[in-house]
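Descriptive structure summary
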Amino acid sequence: MAEPTTTSGIALVATGVSIATLIPGIDGNAVIGAFAGAALMALHSRDVSMPARILYLAISWIMGYLSAPLVMRQTHLQESGVAAFLAAALVIVLTVRLIDRAKTIDITQITSWWRRGGS
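Residues numbered from 1 in each chain as written. Predicted model: local features only at pLDDT ≥ 70, side-chain atom pairs only at ≥ 80, totals over all residues. Heavy atoms only, no water.

A short note on the layout of surface pockets
For the record, the criterion: Detection works on a 1 Å grid of protein atoms alone, calling trapped sets that fit a 1.4 Å probe cavities and calling open sets with protein on both sides within 12 Å along at least five of seven lines pockets, with lining residues defined by an atom within 4 Å of a point. Grid points are joined across faces, edges and corners, and a volume is the space filled by probe spheres set on the points. Helix numbers and strand numbers start at the N terminus; a helix is a DSSP run of H or I with at least 4 residues, a strand a run of E with at least 2. Polar here means any residue other than Ala, Val, Leu, Ile, Met, Phe, Trp, Tyr, Cys and Pro, which are nonpolar, and Asp, Glu, Lys and Arg, which are charged; Gly is therefore polar.
Taken as a whole, the second largest pocket holds about 200 Å³ of empty space. The wall of the second largest pocket is formed by Leu40, Met41, His44, Ser45, Tyr56, Ala89, Ile92, Val93, Val96 and Arg97. Contributions of two or more residues to the lining of the second largest pocket are made by α2 (28-44) and α4 (80-103). When residues in the lining of the second largest pocket are grouped by element, the largest group, 5 residues, is from α4. Of the residues contributing to the lining of the second largest pocket, the split by class is 7 nonpolar, 2 polar and 1 charged.

What follows is the structure, encoded as structure tokens:
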């Protein structure tokens, strides 16, 4: 049986998602799709702490919703919910990989390339 705090938390999130879809100007399909993608990503992240998962969930949800129109244009998807789901599920993965790759960049190579004029 689930703990009362877990059940209350799930009910609170479900209520928040439901209310967000009723606000004029908000794409309800994108809100729900972004939440589903963010939840999938947060549940799949096993190597991070619970506060980090919650932060990942929030960032993925917001960025999934905001980037749904871009994904729809680039992939010719017709449904904003599917586009938001894909964007939310991938945004943290791609961002973390870019950050890890940026940590390994040798700045001397970039400055020497810049001095040569980029050739």
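Back to the write-up after that little detour.
What to know about the confidence of the model for the protein chain
Selection criterion: On a range of 0 to 100, pLDDT expresses the predictor's confidence in each residue.
Mean pLDDT over the protein chain: 80, with 78% of residues reaching 70 or higher. When mean pLDDT is taken per element in the protein chain, helix α3 (residues 50-75) scores highest with 89 and helix α1 (residues 4-22) scores lowest with 63.

Topic: the nonpolar core
Going by this rule: Joining through side-chain atoms within 4.5 Å is the link that ties buried Ala, Val, Leu, Ile, Met, Phe, Trp, Tyr and Cys residues into a set, and such a set is a nonpolar core. Each residue's exposure class comes from its accessible area (1.4 Å probe, protein chains only) as a fraction of the maximum for that residue type: buried when under 20%, exposed when over 50%, partly exposed otherwise. A contact between two residues is defined here by any heavy atoms of the two lying within 4.5 Å.
Formed by Ala30, Ala34, Ala38, Ala68, Val71, Ala83, Ala84, Ala87 and Ala88, the largest nonpolar core amounts to 9 residues. Contributions of two or more residues to this core are made by α2, α3 and α4. For this core, the leading source of residues is α4, giving 4 residues. For Val71, the contacting residues outside a window of four places in its chain are His76, Leu77, Ala83 and Ala87.

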